Amino acid sequence: MAHTYRLPAEWEPQSGVQLTWPHAATDWAPMLEEVTATYRQMAREISLREPLLIVAPEGGAPGIVHVVCPTNDTWARDHGFITLVSDEPPLLFGIITLGGSQSPLLLDFKFNGWGEKFPADFDNAINRRLYDVGVVCGEYADHLDFVLEGGSIESDGKGTVMTTSQCLLAPHRNQPLTRDEIEERLKTYLYADRVLWIDHGQLTGDDTDGHIDTLVRFCPDDTIVYVACDNPNDEQYEELRLMEEQLRTFRTIDGQPYRLMPLPMPRAIFDNEGQRLPATYANFLVINEAVLVPTYDQPDLDAEAKRIIGQAFPGRDIVGIDCRSLIKQHGSLHCCTMQFPAGVIFV
């Protein structure tokens, strides 16, 4: 029987979430105490609802699965496994159901520091380490000849993958592959039926060349939430307006328009050198029974973003996580995490 896999949606049941912990040998060193407090808040909310896997050069905590491994940085979304699940029916032996007949497929892609902007040599050894020590269960698939970050793709769990052309076609990733060749690889590796390309929209200060998880996210019931800007004087206004127009042209696999829900744009936040930081409410994390939403000490906009995300994910706890520390290194909440779907058991 031919293998049948799919890339699940983030809101499907999860085995756990990975955090790659900040330490003094990373870029977090000047503000390690501040960012560690943010990670502890994330870890607390995740571990209340599902297993937590922490990767770090040393240390450990009772009740938390911990793997010791050298790390360059902490953006688990971009160096973690992209995991596919089987759609094969469960095996039946008499009255006993054993579950799907295929193991999850653990895809290990190359991370090259967002187009060779930053070192990533240690990061590319993390997944193999997790697999070799038996922390994650599944079939390992080596795709380290192809650059693909988890933050650069979104899945609806039904065969549609969404990405941005400005990221996947950016220099120093997969040249000389063309857009069509990259799309074909995405379909092959991710068992996808189609790829929706977004050609506009990038946040000022973003090192990733426009990761989709900073801009546009799939939600249940053919819903898309996205960053919107209603201020024509904002430098990001035109690109985000064009992105919104393109989203209106997208159709579901059944040919229906998506339910589109705009998220507010946080008021501009700047670092000490006057550089605008890429604050976004789209970088939320869906976990079992909850959605963790980035906040930026902007009570009105924080509340509005949580309200909209709550509408998109009815019945889940909506929990704010202060991400002002994370955007100082040009990422946010979703960037720090990687979820594992059901079946990838931490042991």
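About the thresholds
As a convention, each chain's residues are numbered from 1 in the sequence order in which they are written. Per-residue local features are limited, in this predicted model, to residues with pLDDT of at least 70; the limit for side-chain atom pairs, both in listing and counting, is 80 or more; totals at the level of whole chains, interfaces and linings are taken over all residues. The basis for the side-chain values is all heavy atoms of the structure; hydrogens and waters are excluded. Method remark: on a 1 Å grid restricted to protein atoms, a set of points is classed as a cavity if a 1.4 Å probe fits but cannot get out and as a pocket if it is open with protein on both sides within 12 Å along at least five of seven lines; lining residues have an atom within 4 Å of a point. Grid points are joined across faces, edges and corners, and a volume is the space filled by probe spheres set on the points. Side-chain classes are defined by residue name, with Ala, Val, Leu, Ile, Met, Phe, Trp, Tyr, Cys and Pro counting as nonpolar, Asp, Glu, Lys and Arg as charged, and the others, Gly among them, as polar. DSSP calls a pair of strands paired once it identifies at least 2 bridges connecting them. Where helices and strands are cited, they refer to DSSP runs of H or I of at least four residues and of E of at least two residues respectively, numbered from the N terminus. To obtain each axis, a line is fitted to C-alpha atoms, and for helices this fit is confined to the stretch in contact; angles are then taken between N-to-C directions over 0 to 180 degrees. A helix is expected to span 1.5 Å for every residue after the first. Partly exposed residues are those whose accessible area sits between 20% and 50% of the maximum for their type, while under 20% is buried and over 50% is exposed, using a 1.4 Å probe and protein chains only. Directions are taken from the helix axis to each C-beta atom, and the arc is the one they span. Residue contacts follow a heavy-atom distance rule, with two residues in contact if any of their heavy atoms lie within 4.5 Å. Aromatic pairing here means that ring centres of Phe, Tyr or Trp (its six-membered ring) are within 6.5 Å. Orientation follows from the plane angle: under 30 degrees is stacked, over 60 is edge-to-face, and everything else is tilted. In the sections that follow, a salt bridge refers to a side-chain nitrogen of Lys or Arg positioned within 4 Å of a carboxyl oxygen of Asp or Glu.

**Brief notes about the layout of surface pockets**
Size it by volume and the second largest pocket reaches roughly 260 Å³. Around the second largest pocket sit 13 residues that line it, and Met-31, Asp-271, Asn-272, Leu-277 and Lys-328 are the ones nearest its centre. Counted by class, the lining of the second largest pocket contains five nonpolar, two polar and six charged residues.

**What to know about the sheet that holds strand S19 (residues 337-341)**
Strand order in the open sheet made by the four strands is S4-S3-S2-S19, with mixed pairing throughout. Strand pairing shows two members of the sheet lacking a second neighbour, strand S4 (65-68) and S19, which therefore form its edges. Between one strand axis and the next, the sheet turns by 20° as a mean value, whatever way the strands run.

**Some remarks on helix H7 (residues 237-249)**
Relative to the 18 Å expected for 13 residues at 1.5 Å per residue, H7 spans 19 Å between its end C-alpha atoms, a close match to the ideal helical length. Every buried residue of H7 is listed here: Leu-240, Met-243, Glu-244, Gln-246 and Leu-247. Taken around the axis of H7, the buried residues stretch over an arc of 165°, which confines them to a single face. Residues of H7 that are buried sit in contact with strand S12 (194-198), strand S13 (216-219), strand S14 (223-227) and strand S15 (259-263).

**Topic: the packing of aromatic side chains**
Taken as a whole and judged by the stated rule, the model has 12 aromatic pairs. Measuring from ring centre to ring centre gives 5.4 Å for Trp-21 and Tyr-39, while their planes differ by 70°; the resulting arrangement is edge-to-face. Of this pair, Trp-21 sits in the loop between strand S2 (14-20) and helix H1 (32-47) while Tyr-39 sits in helix H1, and the two are 18 residues apart along the sequence. Taken individually, Trp-21 and Tyr-39 each receive the classification buried, so the pair is uniform in this respect. Measuring from centroid to centroid gives 5.4 Å for Tyr-131 and Tyr-140, while their planes differ by 40°, and the two rings are tilted. On the basis of relative accessible area, Tyr-140 is assigned to the buried category, the value being 15%.

**Points about the pattern of salt bridges**
Applying the stated criterion across every chain yields a total of 22 salt bridges. A salt bridge links Glu-10 to Arg-77; the nearest nitrogen and oxygen atoms lie 3.9 Å apart. Remark: Arg-77 occurs in helix H2 (residues 76-79) and Glu-10 occurs in the loop between strand S1 (5-6) and S2; sequence separation between them is 67 residues. Residue class for Glu-10 comes out buried when judged on its relative accessible area of 10%. Put simply, Asp-297 and Arg-324 hold a salt bridge, and the shortest N to O gap is 3.3 Å. Pair noted here: Asp-297 is in the loop between strand S17 (290-295) and helix H8 (299-312) and Arg-324 is in the loop between strand S18 (317-322) and S19, with a separation of 27 residues, a long-range link. Counted as one network, the salt bridges with shared partners bring together Glu-10, Arg-77, Glu-154 and Arg-217.

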